[in-house]
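Topology and contacts: notes
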Amino acid sequence: MSRIRIGVLASGRGSNLQAIIDSVKEGRLDAEVAVVVSDVEDAYALDRARSAGIEARYIDPARKGARLSKESERRVIDVLDEFRVDLIALAGFMRILRSDFVRHFSGRIMNIHPSLLPSFPGLKVQMKALEYGVKYSGCTVHFVDEGVDTGPIIIQAAVPVLDGDTEEVLSSRILREEHRIYTEAIRLFAEGRLKIEGRVVHVLPERRDDAGGDESRH
Ligand code: GAR
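Residues numbered from 1 in each chain as written. Predicted model: local features only at pLDDT ≥ 70, side-chain atom pairs only at ≥ 80, totals over all residues. Heavy atoms only, no water.

1. Digging into the layout of surface pockets
This is how the line gets drawn: Here a cavity denotes grid points, spaced 1 Å and computed from the protein atoms alone, that fit a 1.4 Å probe unable to get out, and a pocket denotes an open set having protein on both sides within 12 Å along at least 5 of 7 lines; residues with an atom within 4 Å of a point are the lining. Grid points are joined across faces, edges and corners, and a volume is the space filled by probe spheres set on the points. Elements are defined by DSSP. Helices are runs of H or I of four residues or more, strands are runs of E of two residues or more, and each kind is numbered from the N terminus. Under the scheme applied, nonpolar residues are Ala, Val, Leu, Ile, Met, Phe, Trp, Tyr, Cys and Pro; charged residues are Asp, Glu, Lys and Arg; polar residues are all the others, including Gly.
By volume, the largest pocket is sized at about 870 Å³. Lining the largest pocket are 36 residues, with Gly-92, Phe-93, Met-94, Pro-114 and Leu-123 positioned closest to its centre. For the lining of the largest pocket, the secondary-structure elements that each account for two or more residues are helix H1 (15-25), strand E5 (109-113), helix H5 (125-132) and helix H6 (167-190). With six residues, the single largest contributor to the lining of the largest pocket is H6. A class-by-class count of the residues in the lining of the largest pocket yields 15 nonpolar, 13 polar and eight charged.

2. With respect to the site of the ligand
Our working definition: Summary of the distance rule: residues count as near a molecule or strand when at least one heavy atom falls within 4 Å of that molecule or strand. Definition of a polar contact: a pair of N or O atoms within 3.5 Å, with one able to donate and the other able to accept a hydrogen when the atoms are protein atoms, and with sequence-neighbouring residues admitted only if both atoms are side-chain atoms. Only the protein chains shown count as covering a residue, and every accessible area follows the Shrake-Rupley method with a 1.4 Å probe. Each molecule is assigned to a cavity or pocket provided more than half of its atoms lie within 2 Å of the corresponding grid points.
The full set of residues close to the ligand is Arg-13, Gly-14, Ser-15, Asn-16, Gly-92, Met-94, Ile-112, His-113, Pro-114, Leu-175 and Glu-178. The side chain of Ser-15 places a nitrogen or oxygen atom 2.6 Å from an oxygen atom of the ligand. Within the side chain of Glu-178, one N or O atom sits 2.7 Å away from an oxygen atom of the ligand. In isolation the ligand offers 450 Å² of accessible surface; the protein chains occlude 90% of this area. Using a 2 Å cut-off from the grid points, one finds that the ligand occupies the largest pocket.

Structure, rendered in C-alpha coordinates:
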(Lines give C-alpha, C1' and ligand atoms only; values in the text may rest on other atoms or scores of the structure.)
Protein backbone atom coordinates (compact mmCIF):
# COMPACT_ATOMS: atom_id res chain seq x y z
CA MET A 1 0.00 0.00 0.00
CA SER A 2 1.32 3.49 -0.74
CA ARG A 3 1.63 6.09 2.01
CA ILE A 4 -1.77 6.26 3.71
CA ARG A 5 -3.58 9.52 4.37
CA ILE A 6 -5.04 9.92 7.85
CA GLY A 7 -7.86 12.18 8.96
CA VAL A 8 -7.81 12.79 12.72
CA LEU A 9 -10.92 13.78 14.69
CA ALA A 10 -10.21 15.35 18.10
CA SER A 11 -12.14 17.38 20.64
CA GLY A 12 -9.47 18.46 23.11
CA ARG A 13 -5.83 18.55 24.10
CA GLY A 14 -4.68 16.30 21.26
CA SER A 15 -1.78 14.44 22.85
CA ASN A 16 -2.64 11.31 20.85
CA LEU A 17 -2.72 13.43 17.70
CA GLN A 18 0.73 14.76 18.65
CA ALA A 19 2.03 11.22 19.13
CA ILE A 20 0.84 10.36 15.60
CA ILE A 21 2.37 13.54 14.14
CA ASP A 22 5.70 12.82 15.90
CA SER A 23 5.72 9.20 14.71
CA VAL A 24 5.29 10.38 11.13
CA LYS A 25 7.95 13.07 11.52
CA GLU A 26 10.43 10.65 13.07
CA GLY A 27 9.88 8.08 10.33
CA ARG A 28 8.25 5.48 12.58
CA LEU A 29 4.99 5.68 10.65
CA ASP A 30 4.83 5.77 6.87
CA ALA A 31 1.72 7.92 6.62
CA GLU A 32 0.55 11.48 6.28
CA VAL A 33 -1.87 13.31 8.56
CA ALA A 34 -3.92 14.99 5.83
CA VAL A 35 -6.44 16.89 7.97
CA VAL A 36 -7.50 17.38 11.58
CA VAL A 37 -11.16 18.08 12.30
CA SER A 38 -12.59 19.22 15.62
CA ASP A 39 -16.06 19.88 16.98
CA VAL A 40 -14.51 22.31 19.50
CA GLU A 41 -13.42 25.67 18.09
CA ASP A 42 -10.55 26.29 20.54
CA ALA A 43 -9.40 22.67 20.86
CA TYR A 44 -5.65 22.56 21.42
CA ALA A 45 -5.56 19.72 18.89
CA LEU A 46 -6.27 22.29 16.14
CA ASP A 47 -3.28 24.39 17.30
CA ARG A 48 -1.08 21.31 17.25
CA ALA A 49 -2.18 20.59 13.67
CA ARG A 50 -1.50 24.16 12.50
CA SER A 51 1.93 24.13 14.17
CA ALA A 52 2.76 20.99 12.22
CA GLY A 53 1.54 22.53 8.95
CA ILE A 54 -1.52 20.29 8.80
CA GLU A 55 -4.91 21.51 7.60
CA ALA A 56 -7.10 22.15 10.68
CA ARG A 57 -10.87 22.45 10.37
CA TYR A 58 -13.44 23.34 13.00
CA ILE A 59 -16.94 22.10 12.30
CA ASP A 60 -19.73 23.55 14.38
CA PRO A 61 -21.46 20.58 16.03
CA ALA A 62 -24.74 22.55 15.99
CA ARG A 63 -25.95 20.77 19.09
CA LYS A 64 -24.85 19.69 22.56
CA GLY A 65 -24.89 16.07 23.64
CA ALA A 66 -23.39 12.86 22.42
CA ARG A 67 -23.81 13.39 18.69
CA LEU A 68 -23.16 16.10 16.13
CA SER A 69 -26.20 17.30 14.21
CA LYS A 70 -26.84 15.28 11.05
CA GLU A 71 -25.81 18.24 8.90
CA SER A 72 -22.57 18.77 10.85
CA GLU A 73 -21.70 15.12 10.57
CA ARG A 74 -22.34 15.31 6.80
CA ARG A 75 -19.87 18.21 6.68
CA VAL A 76 -17.25 16.13 8.51
CA ILE A 77 -17.72 13.35 5.95
CA ASP A 78 -17.34 15.87 3.12
CA VAL A 79 -14.08 17.24 4.57
CA LEU A 80 -12.64 13.74 5.04
CA ASP A 81 -13.64 12.86 1.46
CA GLU A 82 -12.20 16.14 0.19
CA PHE A 83 -8.84 15.19 1.73
CA ARG A 84 -9.13 11.60 0.38
CA VAL A 85 -8.31 9.99 3.69
CA ASP A 86 -7.67 6.24 3.86
CA LEU A 87 -8.04 6.03 7.63
CA ILE A 88 -9.89 8.05 10.24
CA ALA A 89 -8.28 8.13 13.68
CA LEU A 90 -10.49 9.27 16.54
CA ALA A 91 -8.13 10.83 19.08
CA GLY A 92 -10.08 12.08 22.05
CA PHE A 93 -13.12 12.77 19.87
CA MET A 94 -15.95 13.04 22.37
CA ARG A 95 -18.94 12.45 20.09
CA ILE A 96 -20.67 9.27 19.00
CA LEU A 97 -20.73 8.81 15.24
CA ARG A 98 -23.98 7.93 13.49
CA SER A 99 -24.45 4.76 11.46
CA ASP A 100 -24.25 6.71 8.18
CA PHE A 101 -20.76 7.90 9.07
CA VAL A 102 -19.58 4.48 10.22
CA ARG A 103 -20.94 2.80 7.08
CA HIS A 104 -19.42 5.44 4.80
CA PHE A 105 -15.93 4.65 6.14
CA SER A 106 -16.56 1.03 7.06
CA GLY A 107 -13.45 -0.75 8.42
CA ARG A 108 -11.44 2.45 8.15
CA ILE A 109 -12.19 4.17 11.50
CA MET A 110 -10.07 3.58 14.60
CA ASN A 111 -10.54 4.82 18.14
CA ILE A 112 -8.31 4.94 21.20
CA HIS A 113 -10.06 4.30 24.50
CA PRO A 114 -8.52 4.57 28.00
CA SER A 115 -9.64 1.22 29.42
CA LEU A 116 -9.32 -2.47 28.67
CA LEU A 117 -12.52 -2.93 26.67
CA PRO A 118 -15.07 -4.39 27.03
CA SER A 119 -14.59 -3.15 30.62
CA PHE A 120 -15.54 0.47 31.16
CA PRO A 121 -16.89 1.80 27.87
CA GLY A 122 -18.05 5.42 27.79
CA LEU A 123 -16.65 8.44 29.61
CA LYS A 124 -14.58 9.13 32.77
CA VAL A 125 -13.40 5.55 32.60
CA GLN A 126 -10.12 5.96 34.49
CA MET A 127 -12.17 7.11 37.50
CA LYS A 128 -14.60 4.22 37.02
CA ALA A 129 -11.68 1.75 37.01
CA LEU A 130 -10.34 3.26 40.26
CA GLU A 131 -13.75 3.18 41.91
CA TYR A 132 -14.35 -0.39 40.84
CA GLY A 133 -11.04 -1.43 42.35
CA VAL A 134 -9.55 -3.24 39.37
CA LYS A 135 -5.85 -4.03 39.68
CA TYR A 136 -5.17 -3.57 35.99
CA SER A 137 -6.64 -1.12 33.57
CA GLY A 138 -5.10 0.08 30.34
CA CYS A 139 -6.07 1.17 26.87
CA THR A 140 -7.53 -0.23 23.69
CA VAL A 141 -7.28 0.66 20.02
CA HIS A 142 -10.28 -0.70 18.16
CA PHE A 143 -12.09 -0.35 14.88
CA VAL A 144 -15.28 1.66 15.22
CA ASP A 145 -18.59 -0.05 14.59
CA GLU A 146 -22.11 1.23 15.13
CA GLY A 147 -22.02 0.71 18.91
CA VAL A 148 -20.22 2.71 21.58
CA ASP A 149 -16.69 1.36 22.16
CA THR A 150 -17.78 -2.06 20.89
CA GLY A 151 -15.80 -2.49 17.67
CA PRO A 152 -13.17 -5.16 16.93
CA ILE A 153 -10.08 -4.80 19.11
CA ILE A 154 -6.73 -4.21 17.40
CA ILE A 155 -4.24 -3.72 20.27
CA GLN A 156 -4.50 -3.41 24.04
CA ALA A 157 -1.96 -2.48 26.69
CA ALA A 158 -2.44 -3.35 30.36
CA VAL A 159 -1.45 -0.81 32.99
CA PRO A 160 -1.31 -1.62 36.72
CA VAL A 161 -3.50 0.33 39.11
CA LEU A 162 -1.36 1.17 42.13
CA ASP A 163 -2.39 1.85 45.69
CA GLY A 164 -2.93 5.56 46.17
CA ASP A 165 -3.44 6.31 42.45
CA THR A 166 -5.53 9.36 41.72
CA GLU A 167 -7.52 9.73 38.50
CA GLU A 168 -4.81 12.06 37.21
CA VAL A 169 -1.91 9.75 37.99
CA LEU A 170 -3.59 6.67 36.55
CA SER A 171 -4.72 8.62 33.46
CA SER A 172 -1.20 9.78 32.70
CA ARG A 173 0.23 6.26 33.16
CA ILE A 174 -2.40 4.98 30.71
CA LEU A 175 -1.82 7.88 28.31
CA ARG A 176 1.82 6.93 27.81
CA GLU A 177 0.66 3.52 26.59
CA GLU A 178 -2.06 5.08 24.43
CA HIS A 179 0.55 7.04 22.52
CA ARG A 180 2.58 3.89 21.93
CA ILE A 181 -0.20 1.52 20.82
CA TYR A 182 -2.06 4.04 18.64
CA THR A 183 0.98 4.53 16.44
CA GLU A 184 1.52 0.78 16.36
CA ALA A 185 -2.08 0.07 15.29
CA ILE A 186 -1.93 2.71 12.56
CA ARG A 187 1.38 1.29 11.35
CA LEU A 188 -0.17 -2.20 11.04
CA PHE A 189 -3.12 -0.72 9.12
CA ALA A 190 -0.76 1.22 6.85
CA GLU A 191 1.14 -1.98 6.13
CA GLY A 192 -2.12 -3.73 5.19
CA ARG A 193 -1.66 -6.23 8.02
CA LEU A 194 -5.02 -5.97 9.82
CA LYS A 195 -7.69 -8.46 8.78
CA ILE A 196 -11.10 -8.24 10.43
CA GLU A 197 -13.02 -11.51 10.77
CA GLY A 198 -16.25 -10.95 12.64
CA ARG A 199 -15.21 -9.51 16.00
CA VAL A 200 -11.63 -10.64 15.71
CA VAL A 201 -8.78 -8.64 14.21
CA HIS A 202 -5.94 -10.80 12.93
CA VAL A 203 -2.48 -9.29 12.59
CA LEU A 204 -0.88 -10.69 9.45
CA PRO A 205 2.86 -11.37 9.45
CA GLU A 206 5.21 -8.72 8.18
CA ARG A 207 5.76 -9.02 4.43
CA ARG A 208 9.35 -9.84 3.55
CA ASP A 209 9.74 -6.87 1.24
CA ASP A 210 8.51 -4.59 4.07
CA ALA A 211 10.80 -6.23 6.59
CA GLY A 212 14.15 -5.05 5.24
CA GLY A 213 13.34 -1.35 5.15
CA ASP A 214 16.01 0.48 3.19
CA GLU A 215 17.47 -1.97 0.64
CA SER A 216 20.78 -0.12 0.55
CA ARG A 217 21.54 -0.93 4.18
CA HIS A 218 22.69 -4.54 3.85
C1 GAR B 1 -7.42 10.00 25.80
O2 GAR B 1 -7.20 9.45 27.07
C3 GAR B 1 -8.35 9.12 24.99
O4 GAR B 1 -8.13 7.75 25.20
C5 GAR B 1 -9.68 9.54 25.55
O6 GAR B 1 -9.60 10.93 25.69
C7 GAR B 1 -8.25 11.28 25.93
C8 GAR B 1 -7.84 12.30 24.89
O9 GAR B 1 -6.57 12.78 25.15
N10 GAR B 1 -10.75 9.17 24.67
C11 GAR B 1 -11.95 8.82 25.09
O12 GAR B 1 -12.25 8.80 26.26
C13 GAR B 1 -12.93 8.48 23.98
N14 GAR B 1 -14.14 8.02 24.54
P15 GAR B 1 -5.77 13.58 24.04
O16 GAR B 1 -6.72 14.66 23.52
O17 GAR B 1 -4.61 14.16 24.76
O18 GAR B 1 -5.37 12.61 22.96
